[in-house]
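# Overview (structure and organization)
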Amino acid sequence: MLLDGVMGKAKRRATLNIVYLTTEAVPFAKTGGLADVCGALPTRVSSRGHRAAVIMPAFRSIRNTPAVVESTDTSFAIPMGHKLIGCRLLKSHLPDSDVEVWFIDQPQYFDRDALYGTHAGDYSDNAERFAFYCHAALQTIRRLEWQVDIVHCNDWQSGLVPALMAADPQPHASVANAATVMTIHNLAYQGQFPRETFEWTGLDWKHFNHNEFEFYDQLNFLKTGIVAADMITTVSPRYSQEIRTPAHGCGLDGVLQGAADRIEGITNGIDQSVWNPSIDQFLPAKYGVDSWREGKTANKRSLQADFHLEQSDEVPLIGLVGRLAEQKGWDLIVPVLRWHLSENRPTQWIVLGSGDHRYEKELRELAENYPNRFALHVGFSDALAHRIEAGSDAFVMPSHYEPCGLNQLYSLRYGSVPIVTPTGGLADTVVDCTESTLADATATGFHVRSISPEALDEAIGRALNLRYHQPAKWAQLVETGMSQDWSWKKSAEQYESLYAKTLALKLASKHPKSR
Ligand code: ADP
């Protein structure tokens, strides 16, 4: 009854004040999908009538964007151990929105070449840098005297915030009634540091216990956020289940099982003003679901010409875009690529990626040996990522795990049939092509049935077989994928309901949570 009452109230839409704490948001700082989410979600939520603001570090990259970043008069200092560290607030907006972005300008910590570290490794003072960020974000809310309903933390860098709020015996009026949401964009990155770094929390050592900040005698930012937040989300429903298992829990599966009643999965959206083949500024030929054959053929020809691949409409072009990291399954891709090229199978490949030097070297060798059939671009190129989605017939993404994944969503939108491992967001968003899914017209791609190069090769074989021998069915797959709506609209509505529910449950709970 109580819950019914709470949900009833949650359904009546009230204006919420939501503060997003993140280290990345497009266009100010980006290393991965986190930036896409935090650049888009606040705007979508705000357009639904809520007030949203973002607080992030003033990394060097914020000065390299077209957005205007202003200085402000607000400055303050945070005690960090025996030091007092000052900072000033800077201010801008997310593009085409009234969502304010407040930057914590502390040059010693944040004005560096990279966000978290270099090729040589993570910055050695990351515990100190991001503990400072957590304190400074809370201080920003107090100083600006916002009345906050939801503090939405993202990934480990803001993981201390829910616990710092919970440990505060006299919360400031601005956050006294606020509920906290902790979103896990990738559980593999937890922010775990030696116990001495607990000093940066500024709290009494009594809080260094396994119900709060401590994880096996270390300070673990993400675990801290998970145990203290009122609600936890992941960026796909399947990933929210997987992370509670030893195989995908990255050591935190037990902690996450303990929090099972507070975890929800909401699939990320894609920005349809940027990822839409009918208006895409990067494409030599624009197209929609009614004109995909001509459109994709023209884009394919242009890729083949620019990368000196053999000009052929018939031979399938297989695309890949992503970080050259183990997560993305390059250990499966490289052998399959080698088989296709060395056995002279009728396929062409185009790869865009950067990261691990080991994979880069293996891919470069193949590209040098088979220049007419394998095009490689090592680096980061937005334009080429768009062109590959448009010009390829199929897109391969055999991730070992995938919290959500954006590239398979772009592939669906661009009619490049995705071939994926059924894990996390890939399982949630790509429907495997079987007799029954073809018959009920739900099929959109192909699942790799186990984690091995052989299984990946088999899935690619199934896909190519359909393309050659059942072109009408292939067209059905392409058109089903292209017609789906993966825009932010649905995800933003789900976040809105989650915020309302979390706040209502928080306000309804008369007793301290027992965890
Ligand atoms: P992750 O966040 O794990 O890297 P996602 O698929 O969620 O993976 O998001 C990756 C984002 O980064 C996508 O927008 C993708 O197109 C982009 N991306 C990754 N590597 C490159 C690259 N080398 N060049 C251009 N864009 C890239």
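For the structure, check the block above.
The shown structure was predicted, so the numbers you read here are calculated from the model rather than taken from an experiment. (Residues numbered from 1 in each chain as written. Predicted model: local features only at pLDDT ≥ 70, side-chain atom pairs only at ≥ 80, totals over all residues. Heavy atoms only, no water.)

In this structure, the amide linkage connecting Val26 to the following residue, Pro27, adopts the cis form with an omega of 10 degrees. Looking at the element boundaries, Pro27 is found in the loop between β1 (17-21) and α2 (33-47). One non-glycine residue, His308, lies in positive phi territory at about 55 degrees. Within the secondary structure, His308 is located in the loop between α9 (292-306) and β15 (317-324). For His308, a relative accessible area of 61% puts it in the exposed group. Of note, Asn344 is a non-glycine position whose phi angle comes to about 55 degrees, a positive value. Mapped onto the elements, Asn344 comes out in the loop between α10 (330-342) and β16 (348-355). (Helix = DSSP H or I, 4+ residues; strand = E, 2+ residues; numbered from the N terminus. Buried < 20%, exposed > 50% of the residue type's maximum accessible area, 1.4 Å probe, protein only.)

Turning to the sheet that holds strand β11 (residues 214-215), a few remarks are in order. In space, the three strands of this open sheet follow the order β10-β12-β11, with antiparallel pairing throughout. The open sheet has two edge strands with one neighbour each: β10 (192-194) and β11. As paired strands, β10 and strand β12 (residues 218-220) are joined by three bridges and run antiparallel to one another. Within the sheet, the bridge partner assigned to Phe193 lies in β12 and is Leu219. Packing against the sheet, helix α6 (residues 221-228) makes contact with β10, β11 and β12, and its axis sits at approximately 65 degrees to β12. (Pairing = 2+ DSSP bridges. Contact = heavy atoms within 4.5 Å. Axes fitted to C-alpha atoms, helices over the stretch in contact; angles between N-to-C directions.)

As a further point, take the side chain of His185. Residue position: His185 is located in the loop between β9 (179-184) and β10. The exposure class of His185 is buried, given its relative accessible area of 9%. At a separation of 2.9 Å, a polar atom in the side chain of His185 contacts the side chain of Asn154. (Polar contact = N/O pair within 3.5 Å; in protein donor to acceptor, adjacent residues only side chain to side chain.)

Disulfides are covalent bonds that connect the sulfur atoms of two cysteines. Across all of its chains, the model carries zero disulfides by this definition. Between Cys87, a cysteine without a disulfide, and Cys134, which holds the nearest cysteine sulfur, the sulfur-to-sulfur distance is 13 Å. A relative accessible area of 7% means that Cys87 is categorised as buried. (Disulfide = S-S within 2.5 Å.)

Helix α17 (residues 471-483) packs onto helix α16 (residues 453-469) with a crossing angle of 120 degrees between their chain directions and a minimal axis gap of 5 Å. Here α17 runs oblique to α16, going by the angle between their axes. Here α16 contributes Ala463, Leu466, Arg467, Tyr468 and His469 to the contact with α17, which in turn contributes Pro471, Lys473, Trp474 and Leu477. Among the residues forming the contact of α16 with α17, the class breakdown is six nonpolar, one polar and two charged. (Parallel < 35°, antiparallel > 145°, perpendicular 65-115°, else oblique. Nonpolar A, V, L, I, M, F, W, Y, C, P; charged D, E, K, R; others polar.)

With that out of the way, let us pick up the site of the ligand. Taken together, the neighbourhood of the ligand is formed by 16 residues, with Gly33, Arg323, Lys328, Gly379 and Leu406 sitting nearest. A distance of 3.0 Å separates a nitrogen atom of the ligand from a polar backbone atom of Ser381. Asn407 is positioned such that a nitrogen or oxygen atom in its side chain is 3.1 Å from an oxygen atom of the ligand. Counting residues per element, the ones that place at least two in the shell around the ligand are α2, β15, β16 and α13 (407-414). Residue classes in the shell around the ligand are distributed as four nonpolar, eight polar and four charged. Split by domain, the residues of the shell around the ligand number at least three in each of domain 1 (2-268 + 490-514) and domain 2 (292-485). (Near = heavy atom within 4 Å. Domains from an automatic or database assignment.)

Moving on: the pairing of β1. The buried fraction of β1 is high, at five of five residues. With burial as the criterion, each face of β1 is covered, one bearing Asn17, Val19 and Leu21 and the other bearing Ile18 and Tyr20. Two strands pair when backbone bridges link them, and β1 and strand β2 (residues 51-57) are joined in this way by five bridges, in the parallel orientation. When the bridges of β2 are listed, Leu21 appears paired with Ile55. Tracing the backbone out of β1, into α2 and back to the parallel element β2 gives a crossover that is right-handed. In this sheet, strand β8 (residues 150-154) lies alongside β1 in parallel orientation, the contact comprising four bridges. (Right-handed = clockwise from strand over helix to strand, strands pointing away.)

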